[in-house]
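Listed below, chain by chain, are the residues.
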Amino acid sequence: RDLAFTSDDVMGSVARDFQVSNVTLSPLLLLTYRFSDLAEARRWRFDAMLGIEVKLDPKWSIVSTPLIEAFWFTDGLNRGRQDQIYSADVGLKYNFASNVSLTPSVLYEARASNVQVRRYRDVRIGPRLDFAF
């Protein structure tokens, strides 16, 4: 099938887990530049996230992941466009096994932008099934 465009991302990130009693904090910082043959897709991206898990017992945890994403577009029709996405969720995680969990959660997300049609607010409620191998 035909490709719309080709791009390559160069990324750098820093992440670490911190354990305090029954709480695990997992901060992540990520910086990306996207090179692309389509000028409108070229952009910087910065992510800051804090994973939070509070263990209630070996099977149950309360989890949350506040996140900020920022995009700065550099070329083409998107030159000067700046978007920011703010999101936070809270969920109740159940571990079926060490590598399988189910998390019903509520997520709120808001996007700010200097381009009016790119702004939105969203609320999502639903389950997530995770596998780690």
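Our subject is the structure that appears above.
Just so it is clear, the model here is predicted, and its values are computed rather than measured. (Residues numbered from 1 in each chain as written. Predicted model: local features only at pLDDT ≥ 70, side-chain atom pairs only at ≥ 80, totals over all residues. Heavy atoms only, no water.)

A word on the overall build of the protein chain
Helix and strand content of the protein chain: 0 helices and 9 strands. Along the protein chain, helices and strands appear, N-terminal first, in the series β-β-β-β-β-β-β-β-β. The C-alpha radius of gyration computed for the protein chain amounts to 18 Å, which surpasses the reference 14 Å derived for 133 residues by more than 25%, pointing to a less compact arrangement than a globule. In terms of overall dimensions, the protein chain has a C-alpha envelope of 50 × 35 × 30 Å along the principal axes. Across the 133 residues that make up the protein chain, the buried fraction comes to 27%. Taken as a whole, the protein chain presents about 8,900 Å² of accessible surface, with 61% of it coming from carbon and sulfur. Taking the average place of the 17 positive charges on the side chains of the protein chain and the average place of its 16 negative ones, the gap between the two points comes to 2 Å. (Helix = DSSP H or I, 4+ residues; strand = E, 2+ residues; numbered from the N terminus. Rg over C-alpha atoms; globule rule 2.2 N^0.38 Å. Buried < 20%, exposed > 50% of the residue type's maximum accessible area, 1.4 Å probe, protein only. Areas by Shrake-Rupley, 256 points an atom, 1.4 Å probe, with all protein chains shown as cover. Lys, Arg positive; Asp, Glu negative; His and termini not counted. Charge placed at Lys NZ, Arg CZ, Asp CG, Glu CD.)

Observations concerning the side chain of N95
Inspection of the secondary structure assignment puts N95 in strand β7 (residues 82–97). Relative accessible area serves as the criterion here: at 12%, N95 is assigned to the buried category.

Comments concerning the packing of aromatic side chains
Counted by the stated rule, this structure contains 6 aromatic pairs. Here the aromatic rings of F71 and F73 are separated by 6.5 Å at their centres, their planes lie at 20°, and the arrangement is stacked. Neither F71 nor F73 differs from the other in exposure class; each is buried. Both rings, one in F131 and one in F133, keep their centres 6.2 Å apart while their planes meet at 10°; by these two values the pair is stacked. The pair formed by F131 and F133 is uniform in burial state, with each residue classed as exposed. Following the ring pairs from residue to residue traces out a cluster consisting of Y33, F35 and W44. (Phe/Tyr/Trp six-rings, centres within 6.5 Å; stacked < 30°, edge-to-face > 60°.)

Some details on the environment of F71
Relative to the elements of secondary structure, F71 occurs in strand β6 (residues 67–73). Residue classification places F71 among the buried positions, given a relative accessible area of 8%. C-alpha of F71 to C-alpha of S87: the two residues are 16 residues apart in sequence and 15 Å apart in space. For F71, the residues in contact, after removing those within four places along its chain, are R43, W44, R45, R81, Q82, D83 and I85. (Contact = heavy atoms within 4.5 Å.)

Section: a nonpolar patch on the surface
On the surface, a nonpolar cluster with roughly 830 Å² of combined accessible area is contributed by L56, W60, I62, V90, L92, V106, Y108, V123 and I125. Contributions of two or more residues to the nonpolar patch are made by β5 (60–64), β7, β8 (100–113) and β9 (120–131). Tracing the backbone through its elements, the reader meets V106 in strand β8. (Patch = residues over 30% accessible without salt bridge, like charges linked within 9 Å, V, L, I, M, F, W, Y side chains within 5 Å. Salt bridge = Lys/Arg side-chain N within 4 Å of Asp/Glu carboxyl O.)

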